[in-house]
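# Per-entry structural report
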Amino acid sequence: MADPTADDEPTRAARLLDAQAKAERLFAEIEARGLIAPGAGEREVSDRVRDLANELFGTTRHWHKRVVRSGPNTLEPYRENPPDRVIGADDIVFADFGPIFEEYEADFGRTFVLGDDPDKHRLRADLPRIFAAGRSFFEADPDITGARLYAEVQRLAAKSGWELGGWHAGHLVGEFPHEWIDGADVESYIAPANDTPLRRTDKAGRRCHWILEIHLIDAEREFGGFHEELLTL
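Residues numbered from 1 in each chain as written. Predicted model: local features only at pLDDT ≥ 70, side-chain atom pairs only at ≥ 80, totals over all residues. Heavy atoms only, no water.

What follows concerns helix H1 (residues 9-32). Taking 1.5 Å of rise per residue, 24 residues should cover 34 Å, and H1 covers 34 Å from first to last C-alpha, within 8% of that figure. Among the residues making up H1, those that are buried are Glu9, Arg12, Ala13, Leu16, Ala19, Gln20, Lys22, Ala23, Leu26, Phe27 and Ile30. Once H1 ends, the next one or two residues include Gly34, with phi positive near 65°. (Helix = DSSP H or I, 4+ residues; strand = E, 2+ residues; numbered from the N terminus. Expected span 1.5 Å × (residues − 1). Buried < 20%, exposed > 50% of the residue type's maximum accessible area, 1.4 Å probe, protein only.)

One finds Leu26, Phe27, Ile30, Ile36, Val45 and Val49 to be the most contacted residues of the largest nonpolar core, which totals 27 residues. Elements represented by at least two residues in this core include exactly H1, helix H2 (42-57), strand S2 (92-97) and strand S5 (108-113). Per-element accounting of this core gives the leading share, six residues, to H1. Apart from the residues within four sequence positions on either side, Val49 is in contact with Leu26, Ile30, Leu35 and Phe97. Counting residues in each nonpolar core, the second largest holds 26 residues, with Ile92, Leu123, Val153 and Phe223 among its members. (Core = buried A, V, L, I, M, F, W, Y, C linked by side-chain atoms within 4.5 Å. Contact = heavy atoms within 4.5 Å.)

What follows covers H2. Every α-helix winds through 3.6 residues per turn, so residues three or four apart in the chain are directed the same way. A rise of 1.5 Å per residue sets the reference length of H2, with its 16 residues, at 22 Å; its end C-alpha atoms lie 22 Å apart and thus fit the reference within 8%. Buried within H2 we find Glu42, Val45, Ser46, Val49, Leu52, Ala53 and Leu56. Down the axis of H2, the smallest arc covering the buried residues is 120°, so these residues share one side. Away from its buried face by more than 90 degrees, H2 exposes Arg43 and Glu55. At its buried positions, H2 is contacted by H1, strand S1 (67-70) and S2. After H2 finishes, the residue Gly58 shows a positive phi value of roughly 70°. (Arc of directions from axis to C-beta.)

All right, on to the environment of Asp47 then. Along the polypeptide, Asp47 turns up in helix H2. Along the sequence, Asp47 and Thr11 sit 36 residues apart, while their C-alpha atoms lie 32 Å from each other. In terms of polar contacts, Asp47 uses its side chain to reach the side chain of Arg66, at 3.0 Å. (Polar contact = N/O pair within 3.5 Å; in protein donor to acceptor, adjacent residues only side chain to side chain.)

Another aspect to go through is the pattern of salt bridges. Inspection of the entire model under this criterion finds 19 salt bridges. Note that Arg50 and Asp47 form a salt bridge whose closest N and O atoms lie 3.4 Å from each other. Taken as a pair, Arg50 and Asp47 lie in helix H2 at a separation of three residues, close to a single helical turn. For Arg50, a relative accessible area of 32% puts it in the partly exposed group. Residues Glu229 and Arg110 are paired through a salt bridge, measuring 2.6 Å at the closest nitrogen-oxygen approach. In this pair, Glu229 is assigned in strand S9 (residues 223-230) and Arg110 in strand S5, connecting sequence segments 119 residues apart. Within this structure, Asp47, Arg50, Asp51 and Arg66 form a network of salt bridges that share partners. (Salt bridge = Lys/Arg side-chain N within 4 Å of Asp/Glu carboxyl O.)

With respect to burial, S2 is a largely interior element, six of its six residues being buried. What you see with S2 is no split at all: Ile92, Phe94 and Asp96 on one side and Val93, Ala95 and Phe97 on the other are buried throughout. Note that S2 and S5 share six bridges and pair antiparallel. Bridge pairing in S5 places Ala95 opposite Arg110. (Pairing = 2+ DSSP bridges.)

Moving on to the pairing of S1. Alternating residues of S1 divide into Val67 and Arg69 and Val68 and Ser70, and every residue in both groups is buried. Pairing between S1 and S2: four bridges, direction antiparallel. When the sheet's bridge partners are listed, Ser70 is paired in S2 with Val93.

Moving on, we get to the packing of aromatic side chains. Taken as a whole and assessed by the stated rule, the structure comprises six aromatic pairs. Ring plane angle 65° and centroid distance 5.1 Å describe the contact between Phe27 and Phe108, whose orientation is recorded as edge-to-face. Placement of Phe27 in helix H1 and of Phe108 in strand S5 is noted, with a sequence separation of 81 residues between them. Classification of Phe27 by relative accessible area gives buried; the value is 4%. What makes Phe108 buried here is its relative accessible area of 2%. Taken together, a centroid distance of 4.7 Å and an interplanar angle of 50° make the contact between Trp167 and Tyr189 tilted. (Phe/Tyr/Trp six-rings, centres within 6.5 Å; stacked < 30°, edge-to-face > 60°.)

If you want it as structure tokens, here you go:
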């Protein structure tokens, strides 16, 4: 298999976009096939999505754990592992998957609302809107840091009546396996402590590409939603 780290920048960008397009198609099929439905357990849905990715693209690997969360579990940040929960008829559900396509990582998250709760539908509508506003803020500032973008996403969330559900709002993405990122390497995250420019190169001299993730919550009513995809392409 070819070494993806040898790809030039236009090829890297094209392959990251292609990976995201496949993830977008995967999520469209999740909705079209009604995989997220009342009465199904979160792990059951996660396994259905895993099998669907294999059916559509031959994808058998995911670079991070598969996440399907419903109801109060949607309050929990990525690192938590709440107990499996059966999806209810009036639930809000989000899915976060990181499939690997031809050695390139995708990271894609979307939210689904099963009932008629107007606040849950408002949250779902706010997620892509706040994502787009965050991306516009990023694009307008060539020297933007992770801290500045996080602060803006936090401001946008509060303006709409929501809180952020996690300590960061995105991270690096690239060839699999990309440079290991964890809480100790804050420069790999869109986070309050990251004062480095997001537009930079990595240790191998490649352009850094970023995922922007929006995790909005209503702690009082115990529900949240999630939206993520590429920020930099």
